Each structure stands twice: as C-alpha cells, then as structure tokens.
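Residue-level structure breakdown
One letter stands for each residue in the lines below.
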Amino acid sequence: MSQSGAEWGGGYVTDVAYLPGYYHHQSPLHLHLACLLGGVTGLAITPESPLSYLELGCGCGFGALALAASNPSWLVTGIDFSPAHIAAARELAHEAGIANARFIEGDLADLAESDRTSALPEADVITLHGLWSWVGDPVRAGIVRLLDRKLRPGGIAYVSYNALPGWQQAIGMQRLVREAGQRGATRSDRQVEAGIEIVRALVEADAQQLSAFPLVRTLLDVVDRGQLSYLAHEYMNAAWRPCFHADVVRDMASAKLDWVASAELLENFSPRICARRVASGGMCSCAAPAG
C-alpha cells in the first residue's frame, strides 16, 4: 500500500525530489566572512582544522557532500524529512566514497527531543536553505529548539527565507498557482505546470496584479528552464509564506541568537540582516538569513 504526500507530509511536498544544488551562502568560510563584515568574531578555521557542520532540510545531500568532499577533516551531517532524499544522499555518499558525511531522516518538528539528536555533536555551523519559508509553525518551533540545543556557543547559524516586503508581490501568485494546480490529481511538479499556465495566460492578458511584477516574470523564466521540481518545493507547500526580517530575528532570539550580518556580502555595506548567540567570555555566533 502506498502513502500519498498529503497523508504523511503534513502539507509539505514529498512526491517529487528537490533539485540537487550547491548554495555558496551555506559555506562555513563564506559565513565566517559575513560575521567579520558584521563586526563579530567568526570561526577559528584552517584547511586542516576539524569542524562540525549540520544542514537542516538537506534534500538529496548534494551541497553537504560537496562540503564534506572538499574538507575531509570536517564532520558533515544532513537531516531531511523525506526518506527518498535521505536514501539518495546516502547512495551518493557511498558511490563517491565520502566517509565524513552522514544523513538522518527526521521530522524537525520534534527532532530536538529525539535520542538521535542527543548523539549528534554540537555543531560549529548549522544551515537551512529556504526551508523556513516552506514549513509551518510546529516545524519552525522545532528548528529553533534544535538550534538552541545543538549549535555550540560561538557557532554560526544560517537561515535563508523569502523576505518581505520584497516577496509581497509573490503572495497572490503563489496562491493562484497552488489552488489552480491542485485541481488536477497529479504530481506536485505537474500541478505547478498547470498553475503556471494560468499565470502565464493572465500575464499575457495584462492582468495588473501579475504583469506589473518582475518576480512573476522571473517565475516564468524558471519554468522555461524546466525547473518544475524546484518550483514545486518553493510554491506548493501548504504552509508557504514569506517573512519579515524582524519576525525571524524575534523567533531566533528563543535560541539565544541575535542578528549579525547578511550572507549576501554586499548587503553588509548598508544596514541589514543577521543574528548572534552570546556565550560566556563574550564569544558569539552569527546567523545570516538571506533576503
């Protein structure tokens, strides 16, 4: 008997895999530089120094494995809700002979209280790419508890999300894509395709609430490049919502995190984004959510 994503995914897309990709903002060296630009001590890191890295919502593990392969002295751990993602990540690690990476299937809503989490070492760096905008409040609360429990004092957390007000123009578009797509009993990527066709028709008809926004044009360009699996995970989750920076900073405060700097390095030359965790002796860490 098969399970549909609606039965066990809690509204999160589970029937198609997320696209493999490497996002340089998640690199500990990149985040180290972001902290320095934010006026905060970064990581004591050399090519040979050990480092514990944890990625939440790692997908098929491509980014985590790239870091592990490039830095054999690091211990890299990826966690994801999807058993298909974890199976693909483990298979890729095995085929590539990468021994310093491991992958754990788990629900971030309650993973912080799990015995498996107790066995994990404190992380020097914890990252999550996009996930914060795609999950509901129970998962967000679980992420904060996990950050509080497993990020070492002085470590770095990176939280990327769809930031308001810039993503305001996407709210109506996302609702249209999801509602129109779900009228067909097909996979999530096909639902996106169906919903996008309605968006495209409205843009061509010069619908004011769509045609005037550059973000809508960007969405159509992504479709034209065939990245439907990415769009399914970006737009088809039931809990999808962009966030104001101030609200993310407030949520992170529960894990003793304060904003430090933006992971978009050039943004640090004007007032923007981030978080730091104050520890004994005045040390701190930074969380750099991308706008």
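Residues numbered from 1 in each chain as written. Predicted model: local features only at pLDDT ≥ 70, side-chain atom pairs only at ≥ 80, totals over all residues. Heavy atoms only, no water.

Brief notes about the pattern of salt bridges
- Scanning all chains against the criterion turns up 9 salt bridges.
- Note that aspartate 137 and arginine 241 form a salt bridge whose closest N and O atoms lie 2.4 Å from each other. Pair noted here: aspartate 137 is in helix H6 (residues 137–150) and arginine 241 is in the loop between helix H11 (228–235) and strand E7 (243–244), with a separation of 104 residues, a long-range link.
- With a relative accessible area of 52%, aspartate 137 lands in the exposed category.
- For arginine 241, a relative accessible area of 29% puts it in the partly exposed group.
- Here glutamate 197 ties to arginine 200 by a salt bridge, and the two come within 3.7 Å at their closest N and O atoms. (Salt bridge = Lys/Arg side-chain N within 4 Å of Asp/Glu carboxyl O. Helix = DSSP H or I, 4+ residues; strand = E, 2+ residues; numbered from the N terminus. Buried < 20%, exposed > 50% of the residue type's maximum accessible area, 1.4 Å probe, protein only.)

Observations regarding the pairing of strand E5 (residues 151–159)
- The element E5 is extensively covered by neighbouring structure, given that 7 of its 9 residues are classed as buried.
- Crossover strand E4 (residues 123–128) to E5 through H6 is right-handed. (Right-handed = clockwise from strand over helix to strand, strands pointing away.)

Section: the pairing of E4
- Here E4 lies mainly inside the structure; 6 of its 6 residues are buried.
- Bridge analysis of E4 against E5 gives 5 bridges, and the strand direction is parallel. Of the residues in E5, the one forming a bridge with alanine 123 is leucine 151. (Pairing = 2+ DSSP bridges.)

Some details on a nonpolar patch on the surface
- Among the surface-exposed residues, Leu33, Leu36, Leu37, Leu266 and Phe269 lie close enough to one another that they form a single nonpolar patch of about 540 Å² accessible area.
- By the element assignment, leucine 37 lies in helix H2 (residues 28–37).
- For leucine 37, a relative accessible area of 35% gives the class partly exposed. (Patch = residues over 30% accessible without salt bridge, like charges linked within 9 Å, V, L, I, M, F, W, Y side chains within 5 Å. Areas by Shrake-Rupley, 256 points an atom, 1.4 Å probe, with all protein chains shown as cover.)

Looking at the confidence of the model for the chain
- With 90% of its residues at a pLDDT of at least 70, the chain reaches an overall mean of 85.
- Below a pLDDT of 50 lies the segment residues 1–6, which in the model reaches 5 contacts outside its immediate sequence neighbourhood of four places, other chains included.
- Below a pLDDT of 50 lies the segment residues 272–286, which in the model reaches 74 contacts outside its immediate sequence neighbourhood of four places, other chains included. (pLDDT = per-residue confidence, 0-100. Contact = heavy atoms within 4.5 Å.)

Quick notes on helix H7 (residues 168–181)
- With 14 residues, H7 should reach 20 Å at 1.5 Å per residue; the first-to-last C-alpha distance of 21 Å fits that figure.
- Of the residues making up H7, those classed as buried are Ala170, Met173, Gln174, Val177, Arg178, Ala180 and Gly181.
- Contact partners of the buried residues in H7: helix H8 (188–204), helix H9 (208–211), helix H10 (214–224) and H11. (Expected span 1.5 Å × (residues − 1).)

Comments concerning the layout of surface pockets
- When its volume is computed, the largest pocket comes out at roughly 590 Å³.
- For the largest pocket, the lining is made up of 41 residues, of which Tyr12, Gly57, Phe81, Leu131 and Val135 are closest to its centre.
- Contributing elements (two or more residues each) for the lining of the largest pocket: helix H3 (62–70), strand E2 (74–80) and H6.
- If one sorts the elements of the lining of the largest pocket by residue count, H3 sits on top with 3 residues.
- Along the lines of polarity and charge, the residues of the lining of the largest pocket split into 21 nonpolar, 17 polar and 3 charged.
- Taken as a whole, the second largest pocket spans an internal volume of roughly 460 Å³.
- Along the wall of the second largest pocket there are 24 residues; nearest its centre are His129, Asn162, Trp167, Tyr230 and Glu234.
- When residues of the lining of the second largest pocket are traced back to their parent elements, those giving at least two are H10 and H11.
- Of the residues in the lining of the second largest pocket, the class split is 13 nonpolar, 8 polar and 3 charged. (1 Å grid on protein atoms, 1.4 Å probe; cavity = no way out; pocket = protein on both sides within 12 Å on 5 of 7 lines; lining within 4 Å. Points joined across faces, edges and corners; volume = space filled by probe spheres on them. Nonpolar A, V, L, I, M, F, W, Y, C, P; charged D, E, K, R; others polar.)

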